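Inside the fold
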Amino acid sequence: MNYLVRFFTSLVQKYLPDPLIFAIILTMLIFVVSASITPHQPLDLIAMWGSGFWNLLGFTMQMVLVVVTGHALASTNLVKRILNSLASIPTTPVQGVMLVTLVGSISCIINWGFGLIIGAMFAREVARKIPNSDYSLLIACAYIAFLTWHGGFSGSIPLLAATPGNPLEKLIGLVPISQTLFTPMNIFITLALVIGLPFLTASMLPPINLRKQIAANLLQDSQISLQKTLTPDSTFAEKLEESKLLGLMISLAGFTYLGIYFIKSGFKIDINTVNFFFMALGILLHKTPMAYARAITQAAKSTAGIIVQFPFYAGIQALMEHSGLGGIITHWFIAIANKETFPLLAFLSSGIINFAIPSGGGHWVVQGPFIMSAAQDLGVNHGKAVMAIAYGEAWMNMAQPFWALPALAIAGLGARDIMGYCLISLLFSAVIFIIGLQFF
């Protein structure tokens, strides 16, 4: 394992560019392939790309808020004490790695946005707490735990397949979660990942002389005071800015809204409710509005990568969808499939598409019509076909740094620091996914 770690780490250090350059190169590659195998002219393809460039602005803002609200929440005294207490449970670097992976895996099953941020925050605290930890590996563990998300309660593809009005309802009808999330196949795969990933990441721990320690500036972040002390001659405006009553009132309003929302809609957690909860709790725990604003200011500087890169992926997704390239690639796989091999080939095609469309919802729009039509023709269970798409998307995230950006922003690391470990988890998890798809 040490040899594999060194090999893959060396590989990504030499050849994996910054995620922005990765996105630009991927854009060019998809353009060239689209121009080569689809009937569209280059100018038409550029128009498709440009028309979709800003399609993910709402999602980009959601991801920015995931980072800044999570970061601000982690800087509160209460959350720091909780994370510190949890980080005190492991006493060795190996135990720390295993616990971060376990906590992250379970958190991602509950909700993917919650899991990514909590995992990264907890990993950073474990690195602070346990001497001789490998900081890069701990942050990698938080991202490797993301493998469980599409088998969990926020898995977008199985939830979309079960939602009335989704794009494929007229084609295949609704696919209830009893046929996707609550099947022996998904239970086996999810449990195997939750149990197996901590042991895998523990085996990746480098020798002590090769471990990357947490940066000194990250150790200092938690020591910065965000509270402002008022003096007798403070102005009315300053007293208003540091009003604990205002902070309490607005945070209680937020919790009240969430209570009403859950009563009306059921306990449905999405990225907006996670951000709303993080913000309301952050304001409450920071006590004053301006203390919270200072925490957000500190966190916002780490969101630059998300802001500049996500539009490129929006353009790529539009190019894949409107040119028909996503459908062509999917068709190559399913054209050679029979009933027995279909789940595996659908899984592999989803993994390849994920390089260009690292989004569950995007997969369902681009791949869903082809995969589900073929599943219907071959007599393949609809639930298994849905989950084959979902698993392929989750699996190939380990080679695609798109979803790592929020965690890396919190950690203060680059993609090259963690992707070597993620590639090993890509190989390991492939075995679990394939066994589940072929034998359950």
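Figured I'd write up the structure that's included with this text. (Residues numbered from 1 in each chain as written. Predicted model: local features only at pLDDT ≥ 70, side-chain atom pairs only at ≥ 80, totals over all residues. Heavy atoms only, no water.)

What to know about the pattern of salt bridges
Overall, the coordinates contain three salt bridges when judged by the stated rule. Residue Lys 212 is joined to Asp 417 by a salt bridge in which the shortest nitrogen-to-oxygen separation is 3.1 Å. With Lys 212 in the loop between helix H11 (184-203) and helix H12 (216-221) and Asp 417 in the loop between helix H23 (405-411) and helix H24 (419-439), the pair connects residues that are 205 residues apart, well separated along the chain. (Salt bridge = Lys/Arg side-chain N within 4 Å of Asp/Glu carboxyl O. Helix = DSSP H or I, 4+ residues; strand = E, 2+ residues; numbered from the N terminus.)

Brief notes about helix H4 (residues 57-74)
With 18 residues, H4 should reach 26 Å at 1.5 Å per residue; the first-to-last C-alpha distance of 26 Å fits that figure. Burial of H4 is extensive: 14 of the 18 residues sit out of reach of the surface. (Expected span 1.5 Å × (residues − 1). Buried < 20%, exposed > 50% of the residue type's maximum accessible area, 1.4 Å probe, protein only.)

Details of the environment of Glu 321
Position of Glu 321 among the secondary structure elements: in helix H17 (residues 304-323). When the C-alpha atoms of Glu 321 and His 363 are compared, they prove to be 9.7 Å apart, with 42 residues separating the residues in sequence.

Let's talk about a nonpolar patch on the surface
On the surface, Phe 236, Leu 240, Leu 245, Leu 246, Leu 248, Met 249, Leu 252 and Leu 284 cluster together to form a nonpolar patch covering roughly 770 Å² of accessible area. Among the elements that take part in the nonpolar patch, helix H14 (residues 244-265) stands out by supplying five residues, more than any other. (Patch = residues over 30% accessible without salt bridge, like charges linked within 9 Å, V, L, I, M, F, W, Y side chains within 5 Å. Areas by Shrake-Rupley, 256 points an atom, 1.4 Å probe, with all protein chains shown as cover.)

Comments concerning helix H22 (residues 382-396)
Think of an α-helix as turning once every 3.6 residues; residues three or four places apart then point the same way. With 15 residues, H22 extends 22 Å between its outermost C-alpha atoms, agreeing within 8% with the 21 Å of an ideal straight helix rising 1.5 Å per residue. Counting buried positions along H22 gives 15 out of 15 residues, so the element sits mostly inside the fold. Where H22 starts, the residue carrying a side-chain oxygen 2.8 Å from the main-chain nitrogen of Gly 383 turns out to be Asn 381. (Polar contact = N/O pair within 3.5 Å; in protein donor to acceptor, adjacent residues only side chain to side chain.)

Observations concerning the packing of H14 against helix H15 (residues 271-286)
Between H14 and H15, the shortest axis-to-axis distance is 8 Å and the interhelical angle comes to 150°. One way to sum up the angle between H14 and H15 is to call them roughly antiparallel. In terms of crossing hand, the pair formed by H14 and H15 is left-handed. Residues Gly 247, Leu 248, Ile 250, Ser 251, Gly 254, Phe 255, Tyr 257, Leu 258 and Tyr 261 of H14 form the contact with H15, whose own contacting residues are Thr 273, Phe 276, Phe 277, Ala 280, Leu 281, Ile 283 and Leu 284. Of the residues in the contact of H14 with H15, the class split is 12 nonpolar, four polar and no charged. (Axes fitted to C-alpha atoms, helices over the stretch in contact; angles between N-to-C directions. Parallel < 35°, antiparallel > 145°, perpendicular 65-115°, else oblique. Left-handed = near helix turned anticlockwise from the far one by under 90°. Contact = heavy atoms within 4.5 Å. Nonpolar A, V, L, I, M, F, W, Y, C, P; charged D, E, K, R; others polar.)

A look at unusual backbone geometry
The phi dihedral of Asn 132 is positive, around 65°, even though this residue is not glycine. By relative accessible area, which is 36% here, Asn 132 ends up partly exposed. Despite not being glycine, Lys 287 shows a phi value in the positive range, around 80°.

Topic: the side chain of Ser 105
Along the chain, the position of Ser 105 falls in helix H6 (residues 93-110). Ser 105 gets classed as buried once you look at its relative accessible area, which sits at 0%. Within the local environment of Ser 105, its side chain forms a polar contact with the backbone oxygen of Thr 101, the two atoms lying 2.7 Å apart. Once residues lying within four places of it in the same chain are set aside, the contact partners of Ser 105 are Ala 145, Thr 148, Val 194 and Leu 197.

Some thoughts on the environment of His 382
As for its position among the elements, His 382 is in helix H22. Sequence separation between His 382 and Gln 317 is 65 residues, and the spatial gap between their C-alpha atoms is 25 Å.

Without other data, these values stay purely geometric and don't point to any function.
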